[in-house]
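Understanding the architecture of this molecule
The chain contents come next:
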Amino acid sequence: MNTTLYIVRHCEARGNIDRIFHGHTDSDISDKGAAQLERLAERFREVHLDAVYASPLKRTRLTAEAVNRYHGLPVHIHPDLIEIHGGYMEGRPWAEFPITHPEDARLWNMEPHLFVPEGGEAMTQVFDRIWRAATEIAAAEAGRTVAVASHGCAIRNLLCRAKGWPIERLAEEPWCDNTGVSVLELDEVGGCRVLLENDISHLDEGMSTLAGQKWWRKENLAALNFDE
């Protein structure tokens, strides 16, 4: 009995465009984010859903509500779907990162599996808890189709794990765009297949967040250029 999970990254939030580390920081969504949610709601209008889950933060709850607009299901909050806690970086500009903590900045970009921010959450913890969340949801909703709203770093870890990769390969997993949709199929013995990854076909031209930014491009990762 297979369970299908539609994994949806939250819409564009203020932290995304103000370039602020907003792991657990509960930032508002942007105007573009609101427009992305309109497209997302239409994408899911004809998709059969049996359940909807979200992390506790506003940007994911609003995203889950958009996915759920034409379904009227209860939105279940699952704490393990939350974003990485950035510790000392929470709520601070990304541009400060390579200046104040250059080694942490390098690890985040080049060897993310080793990232452990002081006062925050180790990447290895994210890797384990997001998989735990996915498997718990799949077990609770066995044989059903479920939408799950989460966050960029958390989803990156989830897709890495879903492919059967060790966390040491996390840097190979691309970043998901805002409202990007991935689809996982989990079976009852723990197997997982990635059926779709980071799809934004519901967004009109010019509505992608990542297309207007450069920080995630390979040359900027190596240069620790966080503020473009």
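This text follows the structure it describes.
Cut-offs and rules
- Residue positions are given per chain, counted from 1 along the sequence in the order it is written.
- It should be noted that, the model being predicted, local features are given only for residues of pLDDT at least 70 and side-chain atom pairs only at 80 or more, the latter also being counted only at that level, while totals for whole chains, interfaces and linings use all residues.
- The basis for every side-chain value is the complete set of heavy atoms in the structure, and neither hydrogens nor water enter the calculation.
- Think of it this way: any DSSP run of H or I at least four residues long counts as a helix, any run of E at least two long counts as a strand, and we number them from the N terminus.
- In this scheme, a residue with accessible area under 20% of its type's maximum is buried, one over 50% is exposed, and one in between is partly exposed, where area comes from a 1.4 Å probe on protein chains only.
- A residue counts as positive if it is Lys or Arg and as negative if it is Asp or Glu; His and the chain ends are not included.
- By convention in these notes, a salt bridge is any Lys or Arg side-chain nitrogen within 4 Å of a carboxyl oxygen on Asp or Glu.
- Paired rings are identified among Phe, Tyr and Trp, the last through its six-membered ring, by centres lying within 6.5 Å, and are further divided according to the angle between planes into stacked (under 30 degrees), edge-to-face (over 60) and tilted (the rest).

Quick word on the side chain of arginine 9
Among the structural elements, arginine 9 can be located in strand E1 (residues 3–9). Among buried charged residues, arginine 9 stands out as having no salt bridge; its nearest opposite-charge side chain is aspartate 177, 5.3 Å away.

What about the packing of aromatic side chains?
Considering all chains together, one arrives at 11 aromatic pairs under this definition. Centre to centre, the rings of phenylalanine 21 and tryptophan 94 are 4.9 Å apart; their planes meet at 35°, and the pair counts as tilted. Highlighted residues: phenylalanine 21 in the loop between helix H1 (14–18) and helix H2 (31–43) and tryptophan 94 in the loop between strand E3 (75–77) and helix H4 (97–100), separated in sequence by 73 residues. For phenylalanine 21, a relative accessible area of 3% gives the class buried. Using a relative accessible area of 9% as the deciding quantity, one classes tryptophan 94 as buried. An angle of 5° between the planes, with centres 5.4 Å apart, marks the rings of tryptophan 94 and phenylalanine 226 as stacked. One end of the pair, tryptophan 94, is in the loop between E3 and H4; the other, phenylalanine 226, is in the segment after helix H8 (218–222), and 132 residues separate them in sequence. Just as tryptophan 94 is buried, phenylalanine 226 falls in that class too.

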